[in-house]
Amino acid sequence: MYDVIIIGAGVSGAAIARELSRYQGKFCVLDKEADVCCGTSKANSGIVHAGFDAKEGSLMAKLNVEGSKMMEKLSKELDFPYQKNGSLVVCTNEKEVERLYELLERGRRNGVEELQILDRAALKAMEPNIADEAVAALYAPTGGIVCPFGLNIALAENAAQNGVDFCLEQEVKTIERSVKGGYRISTQDTVYETKVVVNAAGVYADEFHNMVSEKKLHITPRKGEYFLLDKTTGAHVSHTVFTLPGKYGKGVLVTPTVHGNLLIGPTATDVEQKEGTDTTMQGMEEICKKAQHSVKEIPFRQVITGFAGLRAHEDGHEFVIQEVEDAPGFIDCAGIESPGLTSAPAIGRLAAEIVRNVLELKENPAFCKTRKGILNPAELTAKERNELIRKNPAYGRIVCRCEMISEGEILDSIHRPLGATTMDGIKRRTRAGMGRCQAGFCTPKTMEILERELKIRQEEITKNGAGSEMIVGRNKDGKI
């Protein structure tokens, strides 16, 4: 019997798990994937929004601003990449400048600090590649960028260090009230008993809510497609550049990433399939066209990959974080779309407070708030790096040449808490395979390392879990 089971190992679920580990209790996270950070949290803009866009007075606005203010301190505690690079909302029509002032006032009422309106001259000085049509912009110095994988994995690892169980490849099939009190959760092969359920299941949150409540919830998967450009283009802009927001969100943005790439997107298309993350020619054309409204001369020939993610859009366009009225002990954390990544630290704190009050949890005196990420040799001096290689030669064997990732970093990613067991797991923890060649060269060596360290056959190695095996057979000579 668990005190709390969290459904979903995305950034919200991991943040809640980490906050709950501040208390004494038996906690568990269930997820149908083979790793954490495999849903919405893996495919988004990586933006730490300042908080001027969300409707004033909404929970979304409140948690956006709180989460933004928490992010820098959290990045130091948990050792993940974060930069406060500032954001710009660009206006290309004099008639629409008034909308910038509306955003300015909304942001101030939401509690966003340092907001200001820039004229064209100031904007051009700040961003030389801004579109020639740009006439003004809202500047938010508190906006930032973060590695979405880094944040999600750091939260999950710290939760695991503090005693939270992570049960992966456990797909929830049914949830029902237990005759003993609490809930019984059935997966494909296991039945779990728990006093409290926290539903942080992203685009599936409505399905689990509707299993226990007569008041139904509806989530629409909203697909967003992106381009990622090579690191040679990362300095094309230094701030996150938005256009004026519309009906379906904040529009197509152009932003540097914390790793030095240039990211462009997303589109916004409502779809029916909760796994509908395919990219389309139409989406790519839309990104190219709309991005040039705010930034000129984007080097699209340097695109190295495209991808798509799904946002969990609740019908009321609001975060739903509360105990379900007709299902005591069942707590929703639903409708977590943008600015969900920014809000995650605050979402975790709020949901954990609700659980604490339900169960009257006591503080965990052994809670450790810090976690050390994977060592990045590139941050060392030449002397320090040489000494590291002398002590551990694996750090001198480069596996991924595009990103200069060593075998030592890959070994660390496998053997740390919640270590990587898949190719994508290694990629998200180390960036091996994220460079210009997109794993064209490093895949065989990475597979050899996984085979050796996990003591499995290469035929068992997957990209991201069962059904995505990298090898499907042998050639006529019997070789893989």
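The structure we're discussing is the one just above.
Now for a description of the structure that goes with this document.

Conventions we followed
Along every chain, residues carry numbers that run from 1 in the direction the sequence is written. With the structure being a predicted model, the display of local features is reserved for residues of pLDDT at least 70 and the display and counting of side-chain atom pairs for 80 or more, all residues being used for whole-chain, interface and lining totals. Side-chain numbers come from the whole structure's heavy atoms, not from hydrogens or water. Only DSSP runs of H or I reaching four residues or more are called helices, and only runs of E reaching two or more are called strands; each is numbered from the N terminus. Two things to know: the radius of gyration comes from C-alpha atoms, and the globule rule equals 2.2 Å times the number of residues to the power 0.38. Partly exposed describes any residue whose relative accessible area lies between the buried limit of under 20% and the exposed limit of over 50%, with all areas from a 1.4 Å probe on protein chains only and scaled to the type maximum. Any pair of residues with heavy atoms lying within 4.5 Å of one another is described as a contacting pair. Accessibility throughout is a Shrake-Rupley quantity obtained with a 1.4 Å probe, and a residue counts as covered only by protein chains that appear here. For this count, His and the chain ends are skipped, Lys and Arg are scored as positive, and Asp and Glu as negative. One atom stands in for each charge, and that atom is NZ of Lys, CZ of Arg, CG of Asp or CD of Glu. Every definition here rests on a 1 Å grid over the protein atoms only: cavities are sets of points where a 1.4 Å probe fits but cannot get out, pockets are open sets enclosed by protein on both sides within 12 Å along at least five of seven lines, and lining residues have some atom within 4 Å of a point. Grid points are joined across faces, edges and corners, and a volume is the space filled by probe spheres set on the points. The classification used treats Ala, Val, Leu, Ile, Met, Phe, Trp, Tyr, Cys and Pro as nonpolar, Asp, Glu, Lys and Arg as charged, and all other residues, Gly among them, as polar. Where each domain starts and ends comes from a domain assignment, either automatic or drawn from a database. Paired strands, in this sense, are two strands between which DSSP finds at least two bridges. Any pair of N or O atoms that falls within 3.5 Å is considered a polar contact. Within protein, one atom must be able to donate a hydrogen and the other to accept it, and sequence-neighbouring residues count only if both atoms are side-chain atoms. Grouping buried Ala, Val, Leu, Ile, Met, Phe, Trp, Tyr and Cys residues that are joined through side-chain atoms within 4.5 Å yields what is termed a nonpolar core. For this quantity, the arc is that covered by the directions from the helix axis to the C-beta atoms.

A tally of helices and strands in the protein chain yields twelve helices and 22 strands. Against the compact-globule benchmark of 23 Å for 480 residues, the protein chain has a radius of gyration of 23 Å, which places it among compact chains. Summarising its shape, the C-alpha atoms of the protein chain cover approximately 65 × 60 × 45 Å along the three principal directions. For the protein chain, the proportion of its 480 residues judged to be buried stands at 55%. Of the contacts made within the protein chain by residues no fewer than 6 positions apart, 72% connect residues no fewer than 24 positions apart. Roughly 21200 Å² of accessible area belongs to the protein chain as shown, and the carbon and sulfur atoms make up 48% of that amount. Put simply, the protein chain has 62 plus and 67 minus side-chain charges, and the middle of one group is 4 Å from the middle of the other.

The next thing to look at is the layout of surface pockets. In this model, the second largest pocket occupies a volume close to 770 Å³. If you trace the second largest pocket, you find 31 residues lining it, with Pro 81, His 259, Ile 374, Asn 376 and Glu 379 closest to the centre. For the lining of the second largest pocket, the secondary-structure elements that each account for two or more residues are helix 5 (148-161) and helix 11 (423-430). Here the residues of the lining of the second largest pocket are counted per class, giving twelve nonpolar, six polar and 13 charged. A domain-level breakdown of the lining of the second largest pocket finds at least three residues from each of domain 1 (83-143 + 220-309) and domain 2 (375-458).

The next thing to look at is the sheet that holds strand 8 (residues 144-146). With antiparallel pairing, three strands are arranged side by side in an open sheet as 3-8-4. In this open sheet, the two strands that pair with only one neighbour each are strand 3 (47-48) and strand 4 (82-83). One ladder, built from two bridges, connects strand 3 with strand 8; its direction is antiparallel. Following the sheet pairing, Val 48 is matched in strand 8 by Gly 144.

Okay, the side chain of Thr 240 next. Locating Thr 240 in the fold gives a position in strand 14 (residues 240-243). A polar side-chain atom of Thr 240 sits 3.5 Å from a polar atom in the side chain of Asn 85. Polar contacts involving the side chain of Thr 240 include one to the side chain of Thr 255, which spans 2.8 Å. Apart from the residues within four sequence positions on either side, Thr 240 is in contact with Ile 47, Asn 85, Gly 86, Ser 87, Leu 88, Ile 145, Val 254, Thr 255 and Pro 256.

Another aspect to go through is the nonpolar core. Among the nonpolar cores identified, the biggest contains 73 residues, and Ile 6, Leu 20, Phe 80, Leu 151 and Ile 321 are the most heavily contacted of them. Looking at this core element by element, the count peaks at eight residues for helix 8 (residues 340-359). When near neighbours in sequence (up to four residues on either side) are disregarded, Phe 80 contacts Met 71, Leu 74, Ser 75, Val 146, Gly 150, Leu 151 and Ala 154. Among the nonpolar cores identified, the runner-up in size contains 22 residues, and Val 237, Val 241, Ile 287 and Val 295 belong to it.

Turning to helix 7 (residues 281-291), a few remarks are in order. Where helix 7 is concerned, the buried positions are Gly 283, Met 284, Ile 287 and Ala 291. Mapping the buried residues of helix 7 onto a view down its axis gives an arc of 100 degrees, with all of them on the same face. Exposed and facing more than 90 degrees away from the buried side of helix 7 are Met 281, Gln 282 and Lys 289. Looking at the buried positions of helix 7, the neighbouring elements they touch are strand 13 (219-229), strand 15 (253-256) and strand 16 (262-265).

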